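Here is how the chains run, residue by residue.
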Amino acid sequence: MELSQVQIAALLHDIGKFYQRATENSDKNLHEKYKNLGKEDFGDNGAHSKWSGELVRDVWGEEVENLVLYHHKPKNSDYEGLAKIIQKADHHASSERMENEKNLQVNREPLISIFSRVNLEKNENEKEYYVPLEPLTLDKNTFEKIKPQPGKKINMDYKSLWTDFKNELKRIDTPNFNTTLAILKKYTSTIPSAVYKSKADISLYDHLKTTAALATCRFRYEEETKKLQQTNHQKVYLSVTGDISGIQKFIYKVSSPQDAQSGMSKRLRGRSLYLNLLNDSIASRLIEDLGFNQSNILFCGGGRFIIVVANTEKIKSEIDEFKEKVNNFFIEKFNAELYLGLDYEECSGEDLESFGNVTADLNTKLVEDKKHKFINQLDKVFEIEKEVNHDKTCSVCGKITGEEICIVCKDHENLGRNATNSKFLIKCFSKSKHKYDFYEEKLGIGYLFKSYPGTVDFIKNLNDNHEKYEKIEIIRLNSTDFLTEEVILAIKSVKEEILNKISLSFNFMGNTTPKFIGKSIGENKINTALYFEHLSKISKGSNKLGIVKMDVDNLGKIFTRGFKHLEEEKLRKTGEEKIIKVKGATISRVSTLSSQLDMFFSGFINEIAKEFRIFSEICPSCEEKLQKGKIEKIELDIQKEDSDAKLSDISESDEDSFIIYREMENKVCSDCEKYAIPTIHINYSGGDDLLVLGPYDDIIEFSREFREKFRQWTCENPSITLSAGINIVDSKFPIGKAVITSDDYLEASKNCGKDKDKITLFNDVVKWDNNNDTTKSYYELLDFSKELEEYVENDDISRGMIYTMLRLWQDTFRDYSEIPSNSDEWEENNRCRMQKKKYVPKFKYKLRLIKDTIIRDDLDKKGVKFMPWIRIPVSWTSLRTR
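The rules behind these values
- Residues numbered from 1 in each chain as written.
- Predicted model: local features only at pLDDT ≥ 70, side-chain atom pairs only at ≥ 80, totals over all residues.
- Heavy atoms only, no water.
- Pairing = 2+ DSSP bridges.
- Helix = DSSP H or I, 4+ residues; strand = E, 2+ residues; numbered from the N terminus.
- Axes fitted to C-alpha atoms, helices over the stretch in contact; angles between N-to-C directions.
- Contact = heavy atoms within 4.5 Å.
- Phe/Tyr/Trp six-rings, centres within 6.5 Å; stacked < 30°, edge-to-face > 60°.
- Buried < 20%, exposed > 50% of the residue type's maximum accessible area, 1.4 Å probe, protein only.
- Lys NZ or Arg CZ within 6 Å of the ring centre and 35° of its normal.
- Parallel < 35°, antiparallel > 145°, perpendicular 65-115°, else oblique.
- Left-handed = near helix turned anticlockwise from the far one by under 90°.
- Nonpolar A, V, L, I, M, F, W, Y, C, P; charged D, E, K, R; others polar.
- Polar contact = N/O pair within 3.5 Å; in protein donor to acceptor, adjacent residues only side chain to side chain.
- Patch = residues over 30% accessible without salt bridge, like charges linked within 9 Å, V, L, I, M, F, W, Y side chains within 5 Å.
- Areas by Shrake-Rupley, 256 points an atom, 1.4 Å probe, with all protein chains shown as cover.
- Salt bridge = Lys/Arg side-chain N within 4 Å of Asp/Glu carboxyl O.
- Lys, Arg positive; Asp, Glu negative; His and termini not counted.
- Charge placed at Lys NZ, Arg CZ, Asp CG, Glu CD.

(A) Layout of the pairing of strand β16 (residues 515–519). With 5 bridges joining them, β16 and strand β17 (residues 525–529) adopt antiparallel strand pairing. Bridge pairing links Phe516 to Thr528 in β17. Between β16 and β17, which pair antiparallel one after the other, the connecting turn spans 5 residues, and Glu523 there sits at a positive phi close to 65 degrees.

Have a look at this one:
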């Protein structure tokens, strides 16, 4: 039997649980040969195997059916050795299961959110949140439908979900592994893996994927070592982690001179995206060369990846060679500015039960590895170039080149442009160079960003040029509707011998960027990205650009210690006393936590970003709101040198600007929604961090909204927090330096206070929310900022009063104007701010100038309380009313 059959059997070994729950345990629709099978055939807990067999029999054949049917009792299988491989992989992928005190109704019990299981504070009164039973989608209402809920009164309609799953499965005649994996991800990510006697916090999808990965490892281990695996102590697995260092310097080492301004937003995004694709291509090529598949990649994002493969000498040697090959490439192309750390750890089945410790050990190895970068390639690092052209340097990256902007920076700009709002990503494994948006010959994987029609055309053209591709992945971006009628028809038009090369799937990517499609004032059709100067002009009041960096706090600690409270030993009586060990940070939990975080940072961020928008047009009924000043009209310049702007027939006499509309006091009507343009520019978002740019006021509001949704997604868990840093600059300020400052602010947020969970803005580090603290939080300060702004706009108080408040702060708290460097300084800073009241007499004296007694009394009460942190409200009001 081939490895591919073992892989698909492992992937679908428990799919019968889904089918069984949908039929409410009725076997009346099963094939006759299953109905007489009992525990002696499929084991004590293997009844679901009958339903699994029923699903795979007609599509994947009798061999796969046999493995699936007897994975709980391998001795009854015609392929006992292979069934044992799946059985062991199944056990090692489910070591986290905890026994319930009572048996549960499997089709009524929801999945426990993995986030509600994390506990760093050892709080025994942890609250469980549950995941509604819904297909995985990504649209305007998805977040509210699938976010974890504190109660069990949620949708559990297995029957409808199963019907949709079966219908989707039928759309492909014989789906290959990756396509099947994608369909499972869509329909089984919210299904609990084990319920009857277990507390289920791992989805069926994550369990199936992990089992397939481990079964592949065990198959390859036996194949290459000729050793049969009998115990859980054997080091069968090899956990591998890769990390690209030098990322920050690479991305943000950019200048933004005047002659390069128009392409800077795309160039910066292109550099981030380049590294993201580089990381993906490294992980994918390594897996491909080692002979494994997509399931073996446990996590890939943010310049890092974790994979699991078989522990053989041949594989370890190939990993070492691969590392050397990639780093030679990094020396040649990037002058050793990037470095691939690649380390591995031998693991047994027992080790996978404490996978958090395995990842911690790997991180320690990576840290040590980075201290000795290129240790075996120093001769190449210090090789003297024979000829150097000193004539001209690139105005963006500073490299010696013969052009004003080098070819690499132009490639990054094109990549950033082509990825914007693309519908598909086509990933081609090919040794021959083609016209790709991203391709590195040393890795042999090309990426193409395509529109919907462009993707269909690409598939149809494969009949003429398929020889150049080893395999092709057609990936739908930010939508799980990937088996559409047009795509399926295109696939069916392809020759039979090509079909086994093609897989269909979906992926989430933070790729929201502002783009104007409409008419110029001169009635010319234009299609142009909004660059940073545009975004600053869209801000209310002062024309400023906002840059925010965010990052999940203590993620390494969460992986190693977040599930430790779940570890226990139970005494089970089954004829004889037996100690059962329940594990915490298992491979399935670590993998699930990583993928759930990435779904929020890569997927849901797009929906949050779309809440901040402008409009290319408004309807006649909204024109009245415009006249009353409730919608703002803003004129923006067209950048004619911007290659995105299609300025057909524009002459010197034509207008070279266009109009956008921004909501002020009133929302536009539903008819205008089709003209919406997001104002948020996602430079990078994935894994557990992000970098986002936009109008300064939208960025401040976006940060609050993102954190609010993050709290909901992570079950309001106090152990899972987020820190942020916001920098506000002029649009022509060097963008690389601006981002570095944002990163410094993010670090300040993490360094100030033992619990982190803070944001730095306007040179102040504050908590996100209050939690009954005497200090003022970001939420409170932002609400007070808006009150002050409203008072100024209504002429209830003067702008002079705003500046008076700032001067009072400076006179009283001048010694605390710098950002604290550590927790002790921050706490001492806040303590002293709350004690000092020097500003009170003068503040109350100035209040007498306010005529409205209600407003005066309101400011009297709130002003004194907010004065120690008044820089944030005053700065907001000053910028917005300028």
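(B) Layout of the sheet that holds strand β14 (residues 471–477). On the basis of which strands lie adjacent, the open sheet formed by 5 strands has the order β12-β13-β11-β14-β15 and mixed pairing. Since the sheet does not close on itself, it has two edges, and those belong to β12 (438–440) and β15 (502–507), each with one partner. In this sheet, adjacent strand axes meet at a mean angle of 15 degrees when their direction is disregarded. In the sheet, strand β11 (residues 424–429) pairs with β14 via 6 bridges, with the strands oriented antiparallel. Each residue of the ladder has a partner; that of Lys427, found in β14, is Glu473. Where helix α13 (residues 264–290) meets the sheet, it contacts β11, β12, β13 (445–450) and β14, and its direction lies at approximately 135 degrees from that of β13.

(C) Structural context of the packing of aromatic side chains. This structure, assessed with the given rule, holds 41 aromatic pairs. Between the aromatic rings of Phe438 and Tyr447, the centroid separation amounts to 5.4 Å while the plane-to-plane angle is 75 degrees, which identifies the pairing as edge-to-face. For the pair shown, Phe438 and Tyr447 are each scored as buried. An aromatic cluster of at least three residues, connected via ring pairs, comprises Phe115, Phe143, Phe600, Phe601, Phe604, Phe612, Phe702, Phe706, Phe710 and Trp713. The ring of Phe429 has Lys471 lying over it, and the distance from NZ or CZ to the ring centre is 4.7 Å. Between Lys758 and the ring centre of Trp826, over which it is positioned, the NZ or CZ distance is 4.6 Å.

(D) View of the side chain of Asn66. Within the fold, Asn66 resides in helix α6 (residues 62–69). In this structure Asn66 touches Ser77, Asp78 and Tyr79, once residues within four positions along its chain are discounted.

(E) Region of interest: the packing of helix α2 (residues 15–22) against helix α9 (residues 158–169). As a packed pair, α2 and α9 sit with axes 8 Å apart at the nearest point and diverge in direction by 125 degrees. It follows from the interaxial angle that α2 and α9 lie oblique. For the pair α2 and α9, the crossing hand works out as left-handed. In contact with Ile15, Phe18, Tyr19, Arg21 and Ala22 of α2, α9 contributes Tyr158, Lys159, Leu161, Trp162 and Phe165. By residue class, the composition of the contact of α2 with α9 is 8 nonpolar, no polar and 2 charged.

(F) Examining the environment of Glu288 more closely. Along the chain, the position of Glu288 falls in helix α13. Assessed through its relative accessible area of 26%, Glu288 is described here as partly exposed. With 141 residues separating them along the chain, Glu288 and Phe429 place their C-alpha atoms 9.4 Å apart. Once residues lying within four places of it in the same chain are set aside, the contact partners of Glu288 are Phe429 and Lys471. One polar contact links Glu288 to Lys471, side chain to side chain, over a distance of 2.9 Å.

(G) Spatial organisation of the sheet that holds strand β18 (residues 545–552). Strand order in this open sheet of 6 strands is β25-β26-β18-β27-β28-β29, and the pairing throughout is mixed. Looking along the sheet, the strands with just one partner apiece sit at the ends: β25 (681–686) and β29 (764–767). Across the sheet, the axes of successive neighbouring strands diverge by a mean angle of 15 degrees, strand direction being ignored. Here β25 pairs with strand β26 (residues 689–695) via 5 bridges, running antiparallel.

(H) How the structure looks around the side chain of Ser295. Looking at where Ser295 falls in the secondary structure, it is placed in the loop between α13 and β6 (297–301). At 2.7 Å, the side chain of Ser295 and the side chain of Asn293 are in polar contact. Those residues in contact with Ser295 that lie beyond four places of it in its chain are Phe177, Leu181, Lys209, Ala212 and Ala213.

(I) Here's a closer look at a negative patch on the surface. Judged by side-chain charge, Asp173, Asp464, Glu467, Glu496 and Glu497 come together as a negatively charged surface patch. Its place among the elements puts Glu496 in helix α22 (residues 496–499). What makes Glu496 exposed here is its relative accessible area of 65%.

(J) How the structure looks around the environment of Phe18. In this structure, Phe18 sits in helix α2. Linking Phe18 and His48, residues 30 residues apart in sequence, is a C-alpha distance of 8.6 Å. Setting aside chain neighbours within four positions, we find Phe18 in contact with Tyr158, Leu161, Trp162, Phe165, Tyr187, Thr188, Ile191 and Leu204.

(K) Representation of the pattern of salt bridges in the model. Within this structure, the stated rule accounts for 58 salt bridges. A salt bridge links Lys862 to Glu787, with the shortest nitrogen-to-oxygen separation between them at 2.7 Å. Here Glu787 lies in helix α29 (residues 778–793) and Lys862 lies in helix α33 (residues 853–866), a separation of 75 residues in the sequence. The exposure class of Lys862 is partly exposed, given its relative accessible area of 25%. Assessed through its relative accessible area of 24%, Glu787 is described here as partly exposed. Look at the salt bridges and you will find they share partners, linking Lys540, Arg662, Asp697, Asp698, Glu789, Glu793 and Arg880 into a network.

Remember, this is a structural readout, not a statement about activity or role.
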